[in-house]
Amino acid sequence: PFVAEFESRFASFVGSPHAAATSSCTTALHVAMAALGLKPGDEVIVPAFTWVSTANVVEYLGATPVFCDVDLETFNIDVDRCESLVTERTVGIIPVHLFGLAAELERLLDLAERKGIWLVEDAACGFGCLRQGRHVGTLGSFGAFSFHPRKAITTGEGGMLTTPDPALDELVRSLRDH
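Conventions used here
- All residue numbers here refer to positions counted from 1 along the written sequence of the relevant chain.
- Given that the model is predicted, a residue must reach a pLDDT of at least 70 before its local features are reported, and side-chain atom pairs must reach 80 or more before they are shown or counted; all residues, however, enter totals for whole chains, interfaces and linings.
- By convention in this description, side-chain values take in all heavy atoms of the structure and omit both hydrogens and water.
- Within this document, salt bridges are pairs made up of a side-chain nitrogen of Lys or Arg and a carboxyl oxygen of Asp or Glu, the two lying within 4 Å of each other.
- Secondary structure counts use DSSP, requiring at least four H or I residues in a row for a helix and at least two E residues in a row for a strand, with both numbered from the N terminus.
- Centres within 6.5 Å make a pair out of two Phe, Tyr or Trp rings, where for Trp the six-membered ring is used; the pair is then stacked when the planes are under 30 degrees apart, edge-to-face when over 60, and tilted otherwise.
- Throughout this description, buried means an accessible area under 20% of the type-specific maximum (1.4 Å probe, protein chains only), exposed means over 50%, and partly exposed covers the range between.
- N or O atoms closer than or at 3.5 Å make up a polar contact, with two conditions inside protein: a donor-capable atom paired with an acceptor-capable one, and, for residues adjacent in sequence, both atoms drawn from side chains.
- To define a nonpolar core, start from buried Ala, Val, Leu, Ile, Met, Phe, Trp, Tyr and Cys residues and group those joined through side-chain atoms within 4.5 Å.
- The criterion used for residue contact is that any of the two residues' heavy atoms lie within 4.5 Å.

If you walk through the whole model with that rule in mind, you get 15 salt bridges. Among the salt bridges present, the one from Glu83 reaches Arg114, with a minimum N-O distance of 2.9 Å. Of this pair, Glu83 sits in the loop between helix 4 (79-82) and strand 4 (90-93) while Arg114 sits in helix 5 (residues 105-115), and the two are 31 residues apart along the sequence. Among the charged side chains, a network of salt bridges with common partners joins Glu7, Asp169, Arg173, Arg176 and Asp177.

In total, this model carries nine aromatic pairs according to the counting rule given. Centroid distance Phe6 to Phe147: 5.2 Å. Interplanar angle 55°. Geometry classified as tilted. Within this pair, whereas Phe6 is found in helix 1 (residues 2-14), its partner Phe147 is found in the loop between strand 8 (142-146) and strand 9 (159-163), the two being separated by 141 residues in sequence. Considering the side-chain rings of Phe49 and Phe75, the 5.5 Å spacing of their centres and the 45° angle between planes classify their relative orientation as tilted. Here Phe75 lies in the loop between strand 3 (64-68) and helix 4 and Phe49 lies in the loop between strand 2 (43-47) and helix 3 (53-60), a separation of 26 residues in the sequence. Each residue in the set Phe6, Phe10, Phe13, Phe127, Phe145 and Phe147 is aromatic and connected to the rest through ring pairs, giving one cluster.

Relative to the assigned elements, Thr162 resides in strand 9. Residue Thr162 is classed as buried on the basis of its relative accessible area of 0%. Among the polar contacts made by the side chain of Thr162, one reaches the main-chain carbonyl oxygen of Gly137 at a distance of 2.5 Å.

This brings us to the nonpolar core. Counting residues in each nonpolar core, the largest one holds 27 residues, and the members touching the most others are Phe10, Ile45, Ile77, Cys82, Ile93, Leu108 and Met160. The set of elements that each furnish at least two residues to this core consists of helix 1, strand 1 (18-22), strand 3, helix 4 and helix 5. A per-element tally of this core places helix 5 first, with four residues. Residue contacts for Phe10: discarding those within four places in its chain leaves Ala19, Phe127, Phe145, Phe147, Ile153, Met160 and Thr162. Ranked by size, the runner-up nonpolar core spans 24 residues in total, among them Ala32, Ala35, Leu168 and Val172.

Such coordinate-based values are descriptive only and should not be taken to indicate function.
Set out below in structure tokens:
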């Protein structure tokens, strides 16, 4: 009951219809990749400057992380360079909201929509961060949050996966347990 209450309160705070607790943010990202059907041969664009988990979760499923340079003012993925990395094998983008600074989601979401790919937000360092009035981690197919001891809020360890999609929420609740 405590986890269910935490999930509900977290979802309410960030403005997401669904939030599922996980054992870590890495697990949240891994479960998101599995739920989206990531497979060998796929490519996912990730920032070249982030914690290793962002790329590792892509490799866990046999896909290839494609590293995109970051903007040196924000240390977030450089949207101007991102589009040139999209190939016929690209299935998604994982921007990271680093140091509490939101990535340029509007441009990234536009790129994802134009290219027919998904976007999963790594919001491990984004709790409490808004982008144009909306909490980060609520605009892509998924948002992954961290409760590691050095984060804004902590459970000692742990993560949370948000999604606006009830079918994806149901799937991740099954995947996180197996």
